Amino acid sequence: MGKEIIFMPKTILITGAAGFLGSHLCDRFIGEGFNVIGMDNYITGDPDNIRHLLSRPKFKFIEHDVTNYISISEKIDYVLHFASPASPIDYLKIPIHTLKVSSIGCHNLLGLAKSKNARVLIASTSEIYGNPLEHPQKENYFGNVNTIGPRGVYDEAKRFQEALTMAYHRFHGVETRIARIFNTYGPRMRLNDGRVIPTFMGQALRHEALSVFGDGSQTRSFCYVDDLIEGIYKLLFSDYVLPVNLGNPDEINILDFANEIISLTNLDLSIQYKPLPEEDPLERQPDISLAKKVLNWQPIIKRDKGILKTFEYFKALPKAKLLKVENKDFSKHIKS
Ligand code: UDP
């Protein structure tokens, strides 16, 4: 009889597990047979996003703020750092915590990974390009960020996070990966987080006018969540250490996007113009030639399909959630 080879399941720690991307990553890695440890302090995450996982033997949840020391007894093979507020209105309400989660929090996770000999992938962002002077944005563009602007707390923390991650790689030999994530959307976004897609969906479902900021000529390029998760998965298991853009290059301006939502939902909605927030980037589009080359990855879900799937999700939410205007109390989570 031949020898039986027993494969031990690998364990992955996912921070921000109750958030939009974190919860989809938990689903994906459980589906792939991993033991998943999810960590979140629920500051912007939602317990509903992971409720379906709590009874799964392969899932363990730890309520913890990653800016505090992280102690885990199990062996850990991989770490995904996805904890962070991710919406401009959150940065304004919790600026110091936004800075801490990608600096002190990331430091804690890199230290944990070093001690466990684990590979780390950090969620970086297109925001590190700021209001870009190059279009589309390639990984070798250094960006145009105002350190002291309203978004500076997020952008600079993410830039610091990239620097810290590369330092851990170069100085300590930790295996690291950096994903620069462009606007991503899909089920489990927070309905009232102020970002354009959940905002338009909530307004459509309440039959309100869609709020277009400025004249709506600013552009974004929206990637459906399933495509993004596939890109993260491929990046984690690739050999590529430097940052990789992950996003969908299909660019659209916000006014055209509002009209697209109106036609896709088949609702008779008007548009209400509102002031453009300070330092709202004028254009944003990923150049994904690197991801195509090193990961053999590109998004495959067209915007109309993704938007309809997302709309179905928001439509199915309990009425109470839909009608409630969020007034999230962040104070119980943070000291600063
Ligand atoms: N936006 C808008 N109406 C809204 C919310 C956002 O016109 O109700 C615009 C916003 O000014 C920005 C774009 O949509 O130009 C994307 O905003 P979001 O907050 O989703 O993401 P980010 O600015 O971080 O890309």
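So, how was this worked out
- Counting from 1, residues in each chain are numbered in the order their sequence is written.
- In view of the model being predicted, local features appear only for residues whose pLDDT reaches at least 70, and side-chain atom pairs are presented and counted only at 80 or more, with totals across whole chains, interfaces and linings using the full set of residues.
- Side-chain descriptors were evaluated using all non-hydrogen atoms of the structure, hydrogens and water having been removed beforehand.
- Here a strand is any run of E in DSSP of at least two residues, a helix any run of H or I of at least four, and the numbering for each starts at the N terminus.
- Burial classes: relative accessible area under 20% of the type maximum marks a residue as buried, over 50% as exposed, and values in between as partly exposed (1.4 Å probe, protein chains only).
- We call two residues in contact when some of their heavy atoms are within 4.5 Å.
- In this description, accessible areas are obtained by the Shrake-Rupley approach with a 1.4 Å probe, and a residue is regarded as covered only by the protein chains that are shown.
- Neither His nor the chain ends contribute to the count of charged residues, in which Lys and Arg are positive and Asp and Glu negative.
- The atoms used to mark charge sites are NZ of Lys, CZ of Arg, CG of Asp and CD of Glu.
- A cutoff of 4 Å decides nearness: a residue is near a molecule or strand if any of its heavy atoms lies inside that distance of it.
- What qualifies as a polar contact is a pair of N or O atoms within 3.5 Å, subject to a donor-acceptor requirement within protein and to the restriction that residues adjacent in sequence count only when both atoms come from side chains.
- Think of it as three bins: nonpolar holds Ala, Val, Leu, Ile, Met, Phe, Trp, Tyr, Cys and Pro, charged holds Asp, Glu, Lys and Arg, and polar takes everything else, Gly as well.
- Between Lys or Arg on one side and Asp or Glu on the other, a salt bridge is scored when a side-chain nitrogen of the former is within 4 Å of a carboxyl oxygen of the latter.
- Side-chain rings of Phe, Tyr and Trp (the six-membered ring for Trp) are treated as a pair once their centres are within 6.5 Å; stacked means planes under 30 degrees apart, edge-to-face means over 60, and tilted covers the remaining angles.
- Geometrically, a lysine NZ or arginine CZ counts as sitting over a ring once it is within 6 Å of the ring centre and also within 35 degrees of the ring normal.
- Lines fitted to C-alpha atoms define the axes, with helix axes restricted to the stretch in contact, and inter-axis angles between N-to-C directions lie between 0 and 180 degrees.
- The labels follow the angle: roughly parallel below 35 degrees, roughly antiparallel above 145, roughly perpendicular from 65 to 115, and oblique for the rest.
- Left-handed describes a crossing whose near helix is turned anticlockwise from the far helix through less than a right angle; right-handed describes the clockwise counterpart.

Caption draft 1: Structural view of the overall build of the protein. A count of helical and extended segments in the protein gives 10 helices and 13 strands. Here the C-alpha coordinates of the protein stretch approximately 70 × 45 × 45 Å along the principal axes. Burial status across the protein gives 54% buried among its 336 residues. Of all intrachain contacts in the protein linking residues separated by at least 6 positions in sequence, the fraction that spans at least 24 positions is 81%. Summed over its atoms, the accessible surface of the protein is roughly 15,500 Å², and 54% of this surface lies on carbon and sulfur atoms. Treating the 41 positive side-chain charges of the protein as one cloud and the 39 negative ones as another, the clouds have centres 6 Å apart.

Caption draft 2: A look at the site of the ligand. The ligand sits among 17 residues. The nearest are V196, S211, R220, D280 and R284. Note that an oxygen atom of the ligand is positioned 2.8 Å from one of the side-chain N or O atoms of R151. Here an oxygen atom of the ligand sits 2.6 Å away from a polar atom, N or O, in the side chain of R284. Considering the ligand on its own, with 520 Å² of exposed area, one finds that the protein chains cover 96% of that surface. Those elements giving two or more residues to the shell around the ligand turn out to be α5 (196-205) and β8 (210-213). Among the elements that take part in the shell around the ligand, β8 stands out by supplying 3 residues, more than any other. A breakdown of the residues in the shell around the ligand according to their chemical character gives 6 nonpolar, 5 polar and 6 charged.

Caption draft 3: Structural context of the pattern of salt bridges. Per the stated rule, a full pass over the model turns up 20 salt bridges. We note a salt bridge from R28 to E32, for which the minimum N-O separation is 2.9 Å. According to the relative accessible area criterion, E32 is partly exposed, its value standing at 37%. Its salt-bridge partner being E312, residue K315 comes within 3.7 Å of it at the nearest N-O pair. Of this pair, K315 and E312 are both found in helix α9 (residues 303-315), 3 residues apart, which corresponds to roughly one turn of the helix. Among the residues examined, K315 registers a relative accessible area of 47% and is labelled partly exposed. The class of E312 is partly exposed, set by a relative accessible area of 45%. Put simply, E127, R151, R220, D280 and R284 are held in one network by salt bridges that share partners.

Caption draft 4: Geometry of the packing of aromatic side chains. Counted by the stated rule, this structure contains 16 aromatic pairs. Plain terms: the ring middles of Y129 and F182 are 6.1 Å apart, the flat faces sit at 40° to each other, and that makes the pair tilted. With a gap of 53 residues between them, Y129 in the loop between β5 (119-125) and α4 (152-172) and F182 in the loop between β6 (176-181) and β7 (184-185) connect regions that are remote in the sequence. In terms of burial, Y129 and F182 fall into one category: buried. Pairwise contacts between aromatic rings join F29, F34, Y78, Y233 and F237 into one cluster. The cationic tip of R28 hangs over the ring face of Y233; the distance from NZ or CZ to the ring centre is 4.2 Å.

Caption draft 5: Just the environment of N192, in detail. Along the chain, N192 falls in the loop between β7 and α5. Here the alpha-carbon distance between N192 and G202, two residues 10 residues apart in the chain, equals 7.8 Å.

Caption draft 6: Region of interest: the side chain of R180. Tracing the chain through its elements places R180 in strand β6. In terms of polar contacts, R180 uses its side chain to reach the side chain of Y129, at 2.9 Å. Apart from the residues within four sequence positions on either side, R180 is in contact with S124, T125, S126, I128, Y129, E139, E162, P243, V244, N245 and L246.

Caption draft 7: Representation of the packing of helix α7 (residues 254-265) against α9. Taken N-terminus to C-terminus, the directions of α7 and α9 make an angle of 65°; their axes are 11 Å apart at the nearest point. The angle between α7 and α9 falls in the class roughly perpendicular. Of the two possible hands of crossing, α7 and α9 adopt the one that is right-handed. Residue-level contacts link F257, E260, I261, L264 and T265 of α7 to R303, D304, I307, L308 and F311 of α9.

All quantities given are derived from atomic positions and should not be read as evidence of function.
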